Amino acid sequence: MMQYSKNQRHRAWTRARAKNLLVDFFFYALLLAIAMTCLLPFIHIFAKSISKEAYVIANKIFLIPKGINFDAYKKVFQDASIVRSLYVSVVVTAAFTAIGTFLTISSAYALSRVQLKGRKVMTFFIMFTMYFTAGTIPDYLLMNNLRMLDTWWCMILPLSFAAYNFLIMKNNFKASIPDSLIESALIDGASHFKILSHIVVPLSKPIIATISLFYAVGRWNAYSDALFYIKQRVDLRPLQLKLYYLVVAASESFKAEGGAMAGQITSPEVLKASCIIFATLPIICIYPFVQRYFVQGTMIGAVKG
C-alpha cells in the first residue's frame, strides 16, 4: 500500500512537471515570437543597407545581405552637414529630456500631495490634453507669435511635458512613496523642495530613468515639428530631418537619371535603410544603460494609485 502511494505521488509529480514545462515552453515561444517581430525588421533593414542596389530593387533581400556594399553609408558620412545635424539632435534631445523630466517630476510630486488644494482640477486639465489637441496650424501660429520659428526652442519647449508620462510618474509616487515618510520629513522641518530632492528622487530612480528614456526616444525620432518650424536656418535641422531631405534628394536624382540604369546614383531604398540604421544606433547604444531600470519603472508606474 505504501509502495502504491509513492508511485501515485511520483506520477502526480511527473504530470505536474510536464504541465509546467509545457506552460513554460508556450510562454517562451510566445516571447520569442514577439521578440522576433521587433528584431527581424531591424535585421532586414540592415541587410538592405549593405546590399547592392540591384538586389534591393529586385526585392531579393530578406535577412541576409547580397553583394556587400557600403556606398550608402559613404554618402551619408560624406555630407559634412550630417555631423552638424547630429550635434543639433544630441543637444535638442538632451535639453528636451532634462526639461521634460524636471517638469514631470515636479508636477507629479505636487499633484500627488493631498495637501494641495485644487489638485484634482489641475490633474483633469492636464489629462484633458491627452485626448484633445489644437492641431498643426494653431501650433504653427503659436510658434510664430512667440517668435520661436527657426530657433532651438521650437524643438525643445513644445511637447516637453507629456500628460501620459505625468500620469505614470504620479501613480509611482503614490504607490512607492509612503505618506508617513513625507509627513515625518515635514514634521522634522524639511521643506517640499528638500523632500523632493533628498527623498522622493533617490527612491524613484527606476521610474525617472524610464520616463527619461520615453522623452529621449520620442524627441530623437521626431522630425515633423522641425519640418514645419525650421525653414530658413538649415544649420538647425536635426539629424532625422536632414536624413529625410537626403532621401528625398536621392529619390529625385534616381528618377531623373533613369532609375536602376543610373549606376552612379544610390538607390533611395538602400539610402533610406542606411539612414534608419544611422539614426537608430545612438538610441540602441544608450538603452543598455537604462535597461535595468526600465522594466521595474514601468511596472511600478503602471500600478493605479
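Before reading further, recall that the structure is shown in the block above.
Residues numbered from 1 in each chain as written. Predicted model: local features only at pLDDT ≥ 70, side-chain atom pairs only at ≥ 80, totals over all residues. Heavy atoms only, no water.

### Here's the deal with the overall build of the chain
What counts, and what does not: Only runs of H or I of at least four residues qualify as helices and only runs of E of at least two qualify as strands under DSSP, and these elements are numbered from the N terminus. Exposed residues in this analysis have more than 50% of their type's maximum accessible area, buried residues have under 20%, and partly exposed residues fall in between, with area computed by a 1.4 Å probe over protein chains only. Here, residues are in contact when the closest pair of their heavy atoms is within 4.5 Å. Accessible surface area values rest on a Shrake-Rupley calculation with a 1.4 Å probe, where residue burial reflects the displayed protein chains alone.
For the chain, the count of helices and strands is 14 helices and 0 strands. In the chain, which comprises 305 residues, the share counted as buried stands at 35%. In the chain, 71% of the contacts between residues at least 6 apart in sequence involve partners at least 24 apart. Counting every atom, the chain has about 19000 Å² of accessible surface; 68% of that belongs to carbon and sulfur.

### Considerations on helix H5 (residues 119-128)
Quick reminder of the rule: The arc refers to the directions leading from the helix axis to the C-beta atoms.
Among all positions in H5, only Arg-119, Thr-123, Ile-126 and Met-127 are buried. Projected onto a plane normal to the axis of H5, the buried residues spread over an arc of 95° and lie on a single side. Those residues of H5 hidden inside the fold are in contact with helix H4 (81-111) and helix H8 (163-176).

### Describing the side chain of Asp-150
Test applied: Counted as positive: Lys and Arg. Counted as negative: Asp and Glu. His and the chain ends are not counted at all. Should a side-chain nitrogen of Lys or Arg be within 4 Å of a carboxyl oxygen of Asp or Glu, the pair is scored as a salt bridge. Under the rule applied, a polar contact is a pair of N or O atoms within 3.5 Å (in protein, one hydrogen donor and one hydrogen acceptor; residues adjacent in sequence only if both atoms are side-chain atoms).
Within the secondary structure, Asp-150 is located in the loop between helix H6 (136-145) and helix H7 (153-156). Nearest to the buried, unbridged Asp-150 among oppositely charged side chains is Arg-233, at 6.5 Å. Reaching out from Asp-150, the side chain makes a polar contact with the backbone nitrogen of Gln-232 at a distance of 3.1 Å. At 3.5 Å, the side chain of Asp-150 and the backbone nitrogen of Arg-233 are in polar contact. If we skip the residues at most four places from it in the chain, Asp-150 touches Tyr-229, Ile-230, Lys-231, Gln-232, Arg-233 and Leu-236.

### Overview of the packing of aromatic side chains
Quick reminder of the rule: What counts as a ring pair is set by centres within 6.5 Å for rings of Phe, Tyr and Trp (its six-membered ring), and what kind of pair is set by the plane angle: stacked under 30 degrees, edge-to-face over 60, tilted for all other angles. Here, a charge over a ring is recorded when the distance from Lys NZ or Arg CZ to the ring centre is within 6 Å and its angle to the ring normal is within 35 degrees.
With the rule as written, the count across this model stands at 11 aromatic pairs. With 5.4 Å between their ring centres and 75° between their planes, Phe-26 and Phe-27 make a pair best called edge-to-face. On the basis of relative accessibility, which here comes to 51%, the residue Phe-26 falls in the exposed class. Residue classification places Phe-27 among the partly exposed residues on the basis of a relative accessible area of 46%. Put simply, the rings of Phe-124, Phe-125, Phe-128 and Phe-132 touch in pairs and so form one group of aromatic residues. In this structure, Arg-219 is placed above the aromatic ring of Phe-96, and the distance from its NZ or CZ to the ring centre is 5.9 Å.

### Some details on the pattern of salt bridges
Under the criterion given, the structure shown has 3 salt bridges. Put simply, Asp-235 and Arg-84 hold a salt bridge, and the shortest N to O gap is 3.6 Å. Of this pair, Asp-235 sits in the loop between helix H12 (224-229) and helix H13 (239-256) while Arg-84 sits in helix H4, and the two are 151 residues apart along the sequence. The class for Asp-235 is partly exposed, based on a relative accessible area of 28%. Of the residues examined, Arg-84 reaches a relative accessible area of 33% and is grouped as partly exposed. Notably, a salt bridge pairs Asp-225 with Arg-219, separated by 2.7 Å at the nearest N-O pair. Grouping residues by exposure puts Asp-225 and Arg-219 together as buried. Here the residues in one salt-bridge network are Arg-84, Arg-233 and Asp-235, joined through shared partners.

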